[in-house]
Amino acid sequence: MRTTARLLTGTAVSVAAIGVFTAPLAHAGDFATLEVYPSSASPGTTVTVNTTACGKHGRGVGDANSLGAGEFQLNPSTHKEVVVGQFTVPQHTKPGTYGISVACDNGKTARGDLTVKHRPPSGHVPTGVGGSIGPDTAQVTAGAAVLAAAAVGGAWLLRRRASGAQGH
Amino acid sequence: MSGRSKGWGIAVAVCVGLWLVQNGSEDVTPPVPSAAQAFAAGPAVHTDAAADPLPPSEPVRLRIPETGVDAPVTGLGLAANGALDVPPAADRNLAGWYEDGTTPGAKGTAIVAGHVDNAEGPAVFYTLGALKKGHRIEVDRRDGRTAVFTVDAVEVYANEDFPDEKVYGEADRAEIRVITCGGGFSEKAGGYQGNVVAFGHLIGVR
């Protein structure tokens, strides 16, 4: 029991400590959450963002300049209290994570991240034409040299044998 | 006795010479990975934990010490049909990487490709099919670090049966693929019949 109590106290202290350190950060920007769907997209994909930050019947302007998609409008959606906007990921956007922000008419700001991933290649890669394929000229040359040496040796042997026969 | 043994010596030399000429006249093709290098043949040499992925940074040079590969790396995009572009064929010692994808050493699947040969003869990845499990692939990056990968497998796929997901699919650790042509050559059927693909994962950083 005692250990549990101590553990709990310890946890409470840690949580409090984290609270102390993170609270100012959370307050600094006062950003609301911007939902980005899909959160990972390839060039050409239409991305939809929404937030509750702009309030009922609110409007806002989205900023997707970080990935070269410019600004876009956010309008009230069929869901109450949510504004929705869309933009398209440009073809030239490099892979990476980009911050998207929305400035609401009511002065509030929302932020979210979009990860841009390009579609992977497909199919085989044409990486050869066959120019390396052919006879092994070095080996053929070596073989020819061995044959030539054998011919010379054979001729020499025959001549010696012939002269030996004469001698006897 | 000496005359007879010399005669035998010459006969052997003639046989060796004939064999060399005959065998050498047959076409030499790029090395083909053996079945033992495939995933199906069993686990790779380095089955221990992979190294932590690096932040993204472009590759500048690729080396495979065991087969003597040492080449600069250029960026590649996609062709109109969605296939990976290839480096210019005129440069026989140049590799390419898919620059809209994962950078080698970062989390994901980095894709590298290069020619097995060009019209003049062997090119940068001629020896890729001779790679074995446990061999190293080293990539120098623009951030000054070198990503060291170990080869997990070397496989061959027919062109019309290329496993996109297996080769290009995402990975939750830092992986690499090195691709070149192979799998038999047929002038009639339009050249190389497939691709050799070396699979690797990050095991160290220098």
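Residues numbered from 1 in each chain as written. Chains lettered and ligands numbered in written order. Predicted model: local features only at pLDDT ≥ 70, side-chain atom pairs only at ≥ 80, totals over all residues. Heavy atoms only, no water.

1. A short note on the overall build of chain A
Now for step 1: Regarding its fold elements, chain A presents 2 helices and 10 strands.
Now for step 2: Secondary structure elements in chain A, listed N-terminal to C-terminal, are α-β-β-β-β-β-β-β-β-β-β-α.
Now for step 3: Here the contacts in chain A between residues at least 6 apart in sequence split such that 55% fall between residues at least 24 apart.
Now for step 4: Carbon and sulfur atoms form 59% of the exposed surface of chain A, whose accessible area is close to 10500 Å². (Helix = DSSP H or I, 4+ residues; strand = E, 2+ residues; numbered from the N terminus. Contact = heavy atoms within 4.5 Å. Areas by Shrake-Rupley, 256 points an atom, 1.4 Å probe, with all protein chains shown as cover.)

2. Looking at the side chain of T127 of chain A
Now for step 1: For T127 of chain A, the location among the structural elements is in the loop between β9 (109–116) and β10 (134–135).
Now for step 2: Accessibility expressed as a relative area gives 0% for T127 of chain A, which makes it buried.
Now for step 3: If near-sequence neighbours (up to four positions away) are discounted, T127 of chain A is found in contact with V86, G114, H115, V116, D117, T180, C181 and N195 of chain B. (Buried < 20%, exposed > 50% of the residue type's maximum accessible area, 1.4 Å probe, protein only.)

3. Observations concerning the pairing of strand β11 (residues 191–205) of chain B
Residues and elements named next belong to chain B.
Now for step 1: Of all 15 residues making up β11, 12 are buried, and the element is well covered by its neighbours.
Now for step 2: Pairing of strand β10 (residues 174–186) with β11, which is carried by 10 bridges, proceeds in the antiparallel orientation. Opposite R177, over in β11, you have F199 as the bridge partner.
Now for step 3: Between β10 and β11, which pair antiparallel and follow one another directly, the connecting turn spans 4 residues, one of which, G190, has a positive phi of 95°. (Pairing = 2+ DSSP bridges.)

4. As for unusual backbone geometry
All names here are of chain A.
Now for step 1: The omega torsion across Y37 and P38 is -10°, close enough to zero to call that bond cis.
Now for step 2: Mapped onto the fold, P38 is located in the loop between β2 (35–37) and β3 (40–41).
Now for step 3: In this structure, H57 takes a positive phi of about 55° despite not being glycine.
Now for step 4: Along the chain, H57 falls in the loop between β4 (46–51) and β5 (60–63).
Now for step 5: The exposed category is assigned to H57, whose relative accessible area is 68%.

5. Quick notes on a positive patch on the surface
Now for step 1: Taken together, the side chains of R160 and R161 of chain A together with R4 and K6 of chain B make up a positively charged region of the molecular surface.
Now for step 2: Looking at the positive patch, the elements with two or more residues in it are α2 (137–167) of chain A together with α1 (2–25) of chain B. (Patch = residues over 30% accessible without salt bridge, like charges linked within 9 Å, V, L, I, M, F, W, Y side chains within 5 Å. Salt bridge = Lys/Arg side-chain N within 4 Å of Asp/Glu carboxyl O. Lys, Arg positive; Asp, Glu negative; His and termini not counted. Charge placed at Lys NZ, Arg CZ, Asp CG, Glu CD.)

6. Thoughts on the interface of chain B and chain A
Now for step 1: Counting from both sides, the interface comprises 54 residues of chain B and, opposite them, 36 residues of chain A.
Now for step 2: Our count for the contact surface shared by chain B and chain A stands at 2 salt bridges.
Now for step 3: Residue E170 of chain B pairs with K117 of chain A through a salt bridge whose shortest N-O separation is 3.2 Å.
Now for step 4: For the pair chain B and chain A, the interface holds 17 residue pairs in polar contact (both at pLDDT 80 or more).
Now for step 5: Every element with two or more residues in the side of chain B that touches chain A is listed here: α1, β1 (27–28), β5 (108–114), β6 (117–118), β7 (121–122), α2 (164–168), β10 and β11 of chain B.
Now for step 6: Considering each element in turn, the side of chain B that touches chain A owes the most residues, 16 residues, to α1 of chain B.
Now for step 7: Per-class residue counts for the side of chain B that touches chain A are 26 nonpolar, 18 polar and 10 charged.
Now for step 8: Summarising the sheet, β10 of chain A and β1 of chain B pair through 2 bridges and their orientation is antiparallel. Among the inter-strand pairings, G134 of chain A is bridged to a residue of β1 of chain B, identified as V28 of chain B. (Polar contact = N/O pair within 3.5 Å; in protein donor to acceptor, adjacent residues only side chain to side chain. Nonpolar A, V, L, I, M, F, W, Y, C, P; charged D, E, K, R; others polar.)

7. Brief notes about the pattern of salt bridges
Any two side chains of opposite charge can pair if their charged atoms end up close together.
Residue and element names in this part refer to chain B.
Now for step 1: Within this structure, the stated rule accounts for 15 salt bridges over all chains.
Now for step 2: A salt bridge links E138 to R136; its shortest N-O distance comes to 3.3 Å.
Now for step 3: Each of R63, E66, R136, E138, D140 and R206 takes part in salt bridges that share partners, so that together they form one network.

8. Quick word on the environment of V61 of chain A
Now for step 1: Secondary-structure assignment places V61 of chain A in strand β5.
Now for step 2: Aside from chain neighbours lying at most four places away, what touches V61 of chain A is E71, F72, Q73, L74, S101, V102 and A103 of chain A.

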